[in-house]
Amino acid sequence: MTHDDDHDLDEATLHAYVDGQLDPARAAAVADRLLRHPRAAQQVLAWREQRESLQALHREWLDEPIPPRLTAALRPEAANAPRWPRAWAAALLLTVGVGAGLAGGWGGHAWWHAKQEAVERASAEAAARAAGRDPSVPDYVRDAAIAHAVYQPEQRHPVEVGADQADHLIQWLSKRLGQPLHAPVLRDYGWKLVGGRLLPAGDDAAPGAPLARAQFMYENETGERFTLYVSTGARSPEAPVAFRLTRRVEAGQTTRSLYWIDGTLAYALSGNFDEKRLRILADLVHARIGMADRLPVKPPAS
């Protein structure tokens, strides 16, 4: 972003753009900048929706006619009426108005936060759809599928650390992710560990979570491969384990991923074969990791 971009997309300018306070030429320039900066555009859309929602709040009250009893009090013949009923009515209206204001204030406060969360959620979903992603699928699953598509075809350098250094690999990745990890042994099912690698965390990493993820790669005798991607900082660690399926097409090749959360770790198992085989592997991997969790674990090397 250039210096001019920074100036045209500062917060004060964007608020003025939303409120219609910019002259046509300046507004057109800001609109042109927004086309090239999706995040700023999403923020503008969110502010505009909030503004329209606030303007619509209780708008129907303004369109209602004034009650006859109030217009009657303004007529000249009412001037000689005893003062105390009007004073009492004014006090009552004031009391009711203050009470309604307090209730509306607290209710509006809760409404505002709920609306803001809904707008942010809708903006995130809109951004995901605009980028061609399913907003119901966590970003780490997309990252897992991409990492699988990138490294699965590699023949010379499919992993950073090979299976001949499995103990070092697991301790190294456990230390970097801050959690004890396991690479399940699957030789009795025809799959051997090729090795693994360290990968960067994406934008969806939870606050304070390690900025790293792990990928383990397995291969069978026919050369087929699958990868197990592990992420920390799961946002719903208390949720029961539930397997969900997604698929992604990269360079004409379909990668299916089964993903789940178990405790504070999130997993995505990716392969280029059918759903039935993938589900069998996911069940097996999940069971073997559960068995490993019940065994004594070596602390990560310092």
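Further up the page is the structure itself.
So, how was this worked out
Residues numbered from 1 in each chain as written. Predicted model: local features only at pLDDT ≥ 70, side-chain atom pairs only at ≥ 80, totals over all residues. Heavy atoms only, no water. Phe/Tyr/Trp six-rings, centres within 6.5 Å; stacked < 30°, edge-to-face > 60°. Helix = DSSP H or I, 4+ residues; strand = E, 2+ residues; numbered from the N terminus. Buried < 20%, exposed > 50% of the residue type's maximum accessible area, 1.4 Å probe, protein only. Lys NZ or Arg CZ within 6 Å of the ring centre and 35° of its normal. 1 Å grid on protein atoms, 1.4 Å probe; cavity = no way out; pocket = protein on both sides within 12 Å on 5 of 7 lines; lining within 4 Å. Points joined across faces, edges and corners; volume = space filled by probe spheres on them. Nonpolar A, V, L, I, M, F, W, Y, C, P; charged D, E, K, R; others polar. Salt bridge = Lys/Arg side-chain N within 4 Å of Asp/Glu carboxyl O. Core = buried A, V, L, I, M, F, W, Y, C linked by side-chain atoms within 4.5 Å. Contact = heavy atoms within 4.5 Å.

In this section: the packing of aromatic side chains. Under the criterion given, the structure shown has 6 aromatic pairs. Between the aromatic rings of W191 and F226, the centroid separation amounts to 5.0 Å while the plane-to-plane angle is 70 degrees, which identifies the pairing as edge-to-face. One end of the pair, W191, is in the loop between α9 (166-177) and β2 (192-200); the other, F226, is in strand β4 (residues 225-232), with 35 residues separating them in the sequence. Given the relative accessible area of 6%, W191 is considered buried. Owing to a relative accessible area of 0%, F226 belongs among the buried residues under this scheme. Aromatic pair Y218 and F226: ring centres 5.0 Å apart, planes at 10 degrees, arrangement stacked. A network of ring pairs unites the aromatic residues W191, Y218, F226 and F273 as a single cluster. We note R197 situated over the ring of Y151; from NZ or CZ to the ring centre the distance is 3.7 Å.

Counted under the stated rule, the structure contains 1 cavity of 30 Å³ or more. In this structure, the largest cavity spans a volume of roughly 30 Å³. Classifying every residue of the lining of the largest cavity gives 6 nonpolar, 1 polar and no charged.

Attention now goes to the pattern of salt bridges. Tallying each qualifying case throughout the model produces 6 salt bridges. With its nearest N and O atoms 3.0 Å apart, the salt bridge here joins R213 to D143. In this pair, R213 is assigned in strand β3 (residues 212-219) and D143 in helix α8 (residues 139-151), connecting sequence segments 70 residues apart. D143 sits in the buried class, given a relative accessible area of 15%. Where E275 meets R279, a salt bridge forms, and the shortest distance between an N and an O atom there is 2.8 Å. With a gap of 4 residues between them, E275 and R279 both fall in helix α10 (residues 275-293), about one helical turn apart.

Moving on, we get to the nonpolar core. Membership of the largest hydrophobic core comes to 30 residues, with the highest contact counts inside it found for F216, Y218, F226, L228, V230, L269 and V285. Within the residue set of this core, elements represented by two or more residues are α9, β2, β3, β4, β6 (253-262), β7 (265-271) and α10. Ranked by residues supplied to this core, first place goes to α10 with 6 residues. Ignoring anything within four residues of it in the chain, the contact list for F226 reads H148, L186, W191, F216, M217, Y218, L269, S270, G271, F273, L281 and V285. With 12 residues, the next largest nonpolar core counts L9, V18, L22 and V44 among its residues.

Attention now moves to helix α2 (residues 11-18). All of the buried residues along α2 are T13, L14, A16, Y17 and V18. Positive phi appears at G20, one or two residues downstream of α2, with a value of about 70 degrees.

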